[in-house]
Amino acid sequence: MSNSPTLFMVVKKALEINKNPFPWTKAISAGFCAAIPAFIGLLTGNLAYGMQAGIGGFTYLYVFNEPYAQRAKKLFWVMIGLSLSVGIGTMLAPYSWLFAFMVGVIGAVATFIFGALKIPGPAAVFFVLCISMTSGMPIDPTLAPLRAGLVLLGGLLSWVIGMAGWLFNPHAPEMRAVKKVYVELASFLDAIGTEDYNQARHRTVMQMKTTDDILLAGHISWRTTDVYNRLLLLNHHANDIFLHVIEHFSEQSGQLPPELGTAVRGIVDSIDDKKTTLPRIRQPEERNEDIDRLFRKIFDADAILNEPVSKINQQINIFKRPLSTIFGGAFDKNSIVFLSAIRYGAILTIAAIVAYSFDFYRSFWIPLSCAAVMLGSTIMSTFHRAIQRTLGTIIGILAASIILSAKPQGILIVFIIFALTTLTELYIVRNYALAAMFITPNALLIAESSTHLHKLSFFATARIIDVLIGCFIGLLGTYLTGRRSASSRLPHAMAKTIRSQMQYLQVLFSEQRNGFSFEKIPAQSKMHTNFDNLKIIYTTALGEIPNNKFTLGDLWPAIFSMEQLRFHLDACLKIKDRAILPDESLAQLLLVFESMASALEHKQAVVRKKIPEITGFSKIQQEIADLQNALREKHFNKS
């Protein structure tokens, strides 16, 4: 039974206004990054150079809530990429077919890198914008170094502004992440014994994984601070509390004393530098040994907050997956990241060929619209993007036509660039259509400020036609190449992930573990790569047209159990005194996992197998049982 939304539902969803708060700081900073180069160009008597340097201001649009150590590297490579895009575009502008091919290559490479590293944001769009805009500039390959250098200078300004917060609070992103862990942990304690237990457990595990990633991203091998080490220990302590609760309280029917959640929330208020002691929490009247032990664990956070890190008897282990492992896992014929990058580049190349092979007036808006539309993570989100892009861009083109026809000069151009960039960043969190209303005139003002418009209607019509063609190519290409690709790969991706989890478990609980250090377990990296790919495939399948939401919904409990199992396997890696399972138990576990994987690949029901005892890790045993139960029905035969 497929579930295809009506056109009205698609349009309604596309035009839905989110209630996210306006990011005033980021929006105003982005405005300065775009306007300051133009202002400097105005002061030095060459506004055109200043506006070209302003293209580097797009670097700031890649600033998100990541640690400053990660942000410094990301913004550096973004400004290099934008500069190269402009330089390459300037050199290849006279050669239409080669230029079109390079547009696709840049789009594919950027999409692959951002996807493999799971970097949020606009991904390839602004790299495509930079190279595309050069086709609308005067064609002169000798200007490539100059234009690339100007963009690099603008990007350097964005880097400085983006890193300015480091001077005041160098660990602000990591601190926010650790606070969120304790907030979710408190909610999880409150949810025990209620219907919200499973959802609260999942939210806590997801936040712990996110915080682990943020803390790892903020690690600098040659420089560690007391604040960073303290945050690491607080995060490890939150994991310890969570595992203790799972082990001792997950099966109970009644709720825990509310004072426990209150005590954990007290840690949140004490993490910053202004408060270093936990508030006094009234102990509940009805207590037992397990609850007292849990209270002691919670109040141990006070030691982490106050004692010097050197006096805390804990070992800080930092392990970052090498970039070669990450890219190697993504560079696979079954990787949705790799396939999405190839599809993105191929369709973008077709759009660029169409744009530059026919007599379109300043046609760079065709590949740009195509690139923006395909930024959607699913086919459904691509349709939403197309609607938002079309409506927002049409309004933006009309606004740009009016602005350009007025022939703004001097400081007025600087002010317009600042206002449009700021408004873009303010409204992009609400709806992309609203943002497109401001992105469009801003890009056109930079690229075509020197154009003399003799006929306003011709200019507006040409731009609107470009947008419609670009959106149509992006939609059609995405629909033809990806409408069922994720669903068809889902069984194989699940089976592959289950097998990698078995391999990881075998390393953890067999004599084989002695051959690996904490930092180097290939099975762990393989499991994470496979599971990350599975999550992307599942999310993509949910947005396919048509899809079977009943079948996909039935599979969610299995993916949920795999997520929980991944967390518990990683957690027990940190425990050195793990039991070594006998060969008979390992063989039985291998049979359990292989039967689940094989059943998925052949779209058959899973036959229940006996799960051997895993001494000291009953939750791993329980998650394997939950996974087996979740896969017992013939999910794939319902479509």
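Located above this text is the structure these notes cover.
The notes below deal with the structure included here. (Residues numbered from 1 in each chain as written. Predicted model: local features only at pLDDT ≥ 70, side-chain atom pairs only at ≥ 80, totals over all residues. Heavy atoms only, no water.)

## Comments concerning a nonpolar patch on the surface
- Residues Phe 39, Leu 43, Ile 411, Leu 412 and Phe 415 make up a contiguous nonpolar surface patch of about 520 Å² in total accessible area.
- Among the secondary structure elements, those contributing two or more residues to the nonpolar patch are helix 2 (24-43) and helix 18 (411-427).
- Take the nonpolar patch: its biggest share by element is three residues, from helix 18.
- The topology assignment puts Phe 39 in helix 2. (Patch = residues over 30% accessible without salt bridge, like charges linked within 9 Å, V, L, I, M, F, W, Y side chains within 5 Å. Areas by Shrake-Rupley, 256 points an atom, 1.4 Å probe, with all protein chains shown as cover. Salt bridge = Lys/Arg side-chain N within 4 Å of Asp/Glu carboxyl O. Helix = DSSP H or I, 4+ residues; strand = E, 2+ residues; numbered from the N terminus.)

## Brief notes about the packing of helix 6 (residues 125-133) against helix 16 (residues 365-373)
- At their nearest, the axes of helix 6 and helix 16 sit 9 Å apart, and the two run at 180° to each other. Classed by the angle they form, the pair helix 6 and helix 16 counts as roughly antiparallel. Along its contact with helix 6, which presents Val 125, Val 128, Leu 129 and Ser 132, the element helix 16 presents Pro 367, Leu 368, Ala 371 and Ala 372.
- Across the contact of helix 6 with helix 16, the residue classes break down as seven nonpolar, one polar and no charged. (Axes fitted to C-alpha atoms, helices over the stretch in contact; angles between N-to-C directions. Parallel < 35°, antiparallel > 145°, perpendicular 65-115°, else oblique. Contact = heavy atoms within 4.5 Å. Nonpolar A, V, L, I, M, F, W, Y, C, P; charged D, E, K, R; others polar.)

## Some thoughts on helix 6
- Among the nine residues in helix 6, nine count as buried, and that is most of the element.
- Within the span of helix 6, buried status applies to Val 125, Phe 126, Phe 127, Val 128, Leu 129, Cys 130, Ile 131, Ser 132 and Met 133. (Buried < 20%, exposed > 50% of the residue type's maximum accessible area, 1.4 Å probe, protein only.)

## Some thoughts on the side chain of Glu 623
- Within the fold, Glu 623 resides in helix 25 (residues 618-630).
- Side chain to side chain, Glu 623 and Arg 201 meet in a polar contact 2.7 Å long.
- Each residue touching Glu 623, except ones within four places of it in the same chain, is listed here: Arg 201, Ser 561, Gln 564, Leu 565 and His 568. (Polar contact = N/O pair within 3.5 Å; in protein donor to acceptor, adjacent residues only side chain to side chain.)

## Considerations on the packing of helix 8 (residues 172-191) against helix 9 (residues 197-217)
- Interaxial distance between helix 8 and helix 9 falls to 9 Å at its minimum, and their mutual angle equals 165°. Judged by the inter-axis angle, helix 8 sits roughly antiparallel to helix 9. Here helix 8 runs over helix 9; the crossing is left-handed. When helix 8 is examined against helix 9, the residues Pro 173, Glu 174, Ala 177, Val 178, Lys 180, Val 181, Glu 184, Leu 185, Ser 187, Phe 188 and Ala 191 are found in contact with a partner set consisting of Tyr 197, Ala 200, Arg 201, Arg 203, Thr 204, Gln 207, Met 208, Thr 211, Ile 214 and Leu 215.
- Residue composition of the contact of helix 8 with helix 9, grouped by class: 12 nonpolar, four polar and five charged. (Left-handed = near helix turned anticlockwise from the far one by under 90°.)

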